[in-house]
Amino acid sequence: MKVDGRHFRSIWLEPDGWSVGAIDQRRLPHEFVVARLTTADEAGEAISSMLVRGAPLIGATAAYGMALAMRADASDAALDRAGKMLAATRPTAINLKWAIDEMQRALAPLAASARAEAAYARAREIADEDVEINRDIGRHGLGLIEKIAATKQPGEPVNVLTHCNAGWLATVDWGTATSPIYQAHDRGIPVHVWVDETRPRNQGASLTAWELGHHGVPHTVIPDNTGGHLMQHRMVDLAIVGTDRVAANGDVCNKIGTYLKALAAHDNSVPFYVALPSPTIDFRIDDGIRQIPIEQRAAAEVTHLTGRTADGRIETVCVVPEGSSVANFGFDVTPARLVTGLITERGVLNASRAALASAFPERSGVG
Ligand SMILES: CSC[C@H]1O[C@H](OP(=O)(O)O)[C@H](O)[C@@H]1O
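Because the structure is a prediction, the values reported are computed rather than measured. (Residues numbered from 1 in each chain as written. Predicted model: local features only at pLDDT ≥ 70, side-chain atom pairs only at ≥ 80, totals over all residues. Heavy atoms only, no water.)

Attention now moves to the pairing of strand β16 (residues 331-334). Residue alternation in β16 divides its side chains into two sets, Phe331 and Val333 and Asp332 and Thr334, and both sets are buried. Note that strand β11 (residues 252-255) and β16 share 4 bridges and pair antiparallel. Looking at β16, one finds that Cys253 is bridged to Val333. (Buried < 20%, exposed > 50% of the residue type's maximum accessible area, 1.4 Å probe, protein only. Helix = DSSP H or I, 4+ residues; strand = E, 2+ residues; numbered from the N terminus. Pairing = 2+ DSSP bridges.)

Next up, the structure:
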């Protein structure tokens, strides 16, 4: 997407042909800083520290991490070691495992001498495929927005609520939940986005708002607990969120708080859509609530806030009393029955095993 007139992806191969550039998302929205990854360990640290985050982007970063590993040491042991190290960075987004499996499938049969070049080629393919997939997600989701826009008065916006950041910063480009929004906006359809701040890391307030602002999309940042009130007062036409893993039965794992939004949407008959690329589907499991591992992150993400002071200094402050216990569950699982539809690169599907298997037969046979 464009930032101040320049086109960016969230991650890219540098002109040197081997090192990897990435936007340091921990510094947004106040500082636009680009990081340069030169080793597999740096790629792993970028994922663990959330320098990069978002299921598809985590996968693309791991793919480039495998390429960086092969550049340094293309032995079987190094291939195995890099895969294990990167897979251990974060447990919930299945795109990470998918990308590592894809890379190992491409590299294992090759002679060590051929692995580095092949690794970079496959990593670039994974990144480019993500862009195309997300563009198609946007095209299918656009139809949903267009249908609602047809019921509005001229100039009256379609009000979309989203949670966390499932924008172009969470992917290589376009985003998943934001792709339909960008495509509607770019076609002149009035849209307005309610942006859940999304505690504790505030990916909505600091990333989604930043993205939408740079793209000129009208939006309003709201405290996480506001969505139900807005839905009760018919101020939300539909919700579109992203996801880190979808179980074969259509259960959806996403940033903590998504389940509560889905409950409020169900109670107010607000359509609740989940946008996802097919690598996010985990056909190996069919009970998301019991089987998807939920990452628990550091207490400091809850107890401390980082922001910019009025005189421009970046500061971190504590907002919780010493001695209080803290729980920081990163994700929750929304049961398929609360999901109106899954917006994928192959169309808008029911949140069901039959619909997922029919749309992605080549993947549903995964043992
Ligand atoms: C397009 S996937 C976005 C998905 O990933 C985010 O999690 P995190 O920021 O912790 O990587 C969040 O669940 C988003 O919906």
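Another point: the site of the ligand. Around the ligand, a shell composed of 18 residues is seen, among which Gly54, Arg90, Asp244, Asn254 and Lys255 lie nearest. Within the contact set of the ligand, an oxygen atom lies 2.9 Å away from a side-chain nitrogen or oxygen of Arg53. For the ligand, an oxygen atom lies 2.6 Å from a polar atom in the side chain of Asp244. Elements with a contribution of two residues or more to the shell around the ligand: α2 (55-72) and β11. A per-class count over the shell around the ligand returns 7 nonpolar, 7 polar and 4 charged. (Near = heavy atom within 4 Å. Polar contact = N/O pair within 3.5 Å; in protein donor to acceptor, adjacent residues only side chain to side chain. Nonpolar A, V, L, I, M, F, W, Y, C, P; charged D, E, K, R; others polar.)

This brings us to helix α9 (residues 258-267). Thr258, Lys261, Ala262, Ala264 and Ala265 are the residues of α9 that are buried. Seen along its axis, α9 keeps its buried residues to an arc of 165°; they face one direction. Along α9, exposed side chains directed more than 90 degrees from the buried face belong to Leu260, His266 and Asp267. With its phi angle positive at about 55°, Ser269 sits one or two positions after the end of α9. (Arc of directions from axis to C-beta.)

On to the packing of helix α1 (residues 40-48) against α2. Any two packed helices are characterised by the angle at which their axes cross and by the distance between the axes. Viewed as axis vectors pointing N to C, α1 and α2 meet at an angle of 165°, and their least axial separation amounts to 7 Å. As far as their axial angle goes, α2 and α1 are roughly antiparallel. Considering how the two elements wind past one another, α1 and α2 form a crossing that is left-handed. Residues Ala40, Ala43 and Ile47 of α1 pack against Ile58, Thr61, Ala62, Gly65, Leu68 and Ala69 of α2. When the residues that make up the contact of α1 with α2 are grouped by side-chain class, the tally is 7 nonpolar, 2 polar and no charged. (Axes fitted to C-alpha atoms, helices over the stretch in contact; angles between N-to-C directions. Parallel < 35°, antiparallel > 145°, perpendicular 65-115°, else oblique. Left-handed = near helix turned anticlockwise from the far one by under 90°. Contact = heavy atoms within 4.5 Å.)

A few words now on the UniProt feature "binding site: substrate" (unreviewed entry) in the protein. Here, UniProt's "binding site: substrate" (unreviewed entry) annotation points to Arg53, Gly54, Ala55, Arg90, Gln203, Asn254 and Lys255. When you line up the elements, Ala55 lands in helix α2. For Ala55, a relative accessible area of 3% gives the class buried. Excluding anything up to four places from it in sequence, Ala55 contacts Ala93, Asn95, Ala170, Thr243 and Asp244. With respect to the helices and strands, Lys255 occurs in strand β11. Sequence-distant contacts of Lys255, that is, excluding residues within four places in its chain, are made with Arg90, His163, Cys164, Thr198, Gln203, Asp244, Gly330, Phe331 and Asp332. (UniProt positions renumbered as here; feature names shortened; annotations may be inferred.)

On to the confidence of the model for the protein, then. For the protein, per-residue confidence averages 97 on the pLDDT scale, and 99% of positions sit at 70 or higher. What the predictor reports for the complex is a pTM of 0.97 with an ipTM of 0.98. (pLDDT = per-residue confidence, 0-100.)

Right, let's get into the sheet that holds strand β5 (residues 34-37). Here we have 3 strands laid out as an open sheet, ordered β3-β4-β5, and antiparallel in their pairing. Edge positions in the sheet fall to β3 (11-13) and β5, since each has one partner strand and no second. Across this sheet, the average inter-strand angle for adjacent strands is 25°, counted without regard to direction. Sheet topology note: the strand β4 (residues 20-23)/β5 ladder contains 4 bridges and is antiparallel. When the bridges of β5 are listed, Ile23 appears paired with Val34.

What follows covers the UniProt feature "site: Transition state stabilizer" (unreviewed entry) in the protein. Under the local residue numbering, the UniProt record ascribes the feature "site: Transition state stabilizer" (unreviewed entry) to Cys164. Examined against the element boundaries, Cys164 turns out to sit in the loop between β6 (158-162) and α6 (178-186). Apart from the residues lying within four places of it in its own chain, the contact partners of Cys164 are Arg53, Asp196, Thr198, Gln203, Gly204, Thr208 and Lys255.

Now for unusual backbone geometry. Note the cis peptide between Leu28 and Pro29, where omega equals 10°. Tracing the sequence through the fold places Pro29 in the loop between β4 and β5. Pro200 follows Arg199 through a cis peptide bond whose omega is 0°. Of note, Pro200 is situated in the loop between β7 (191-196) and α7 (203-215). Residue Cys164 is not a glycine yet carries a positive backbone phi of 60°. Even without being glycine, Thr198 reaches a positive phi, approximately 70°. Mapping Thr198 onto the fold places it in the loop between β7 and α7. Classification of Thr198 by relative accessible area gives buried; the value is 0%.

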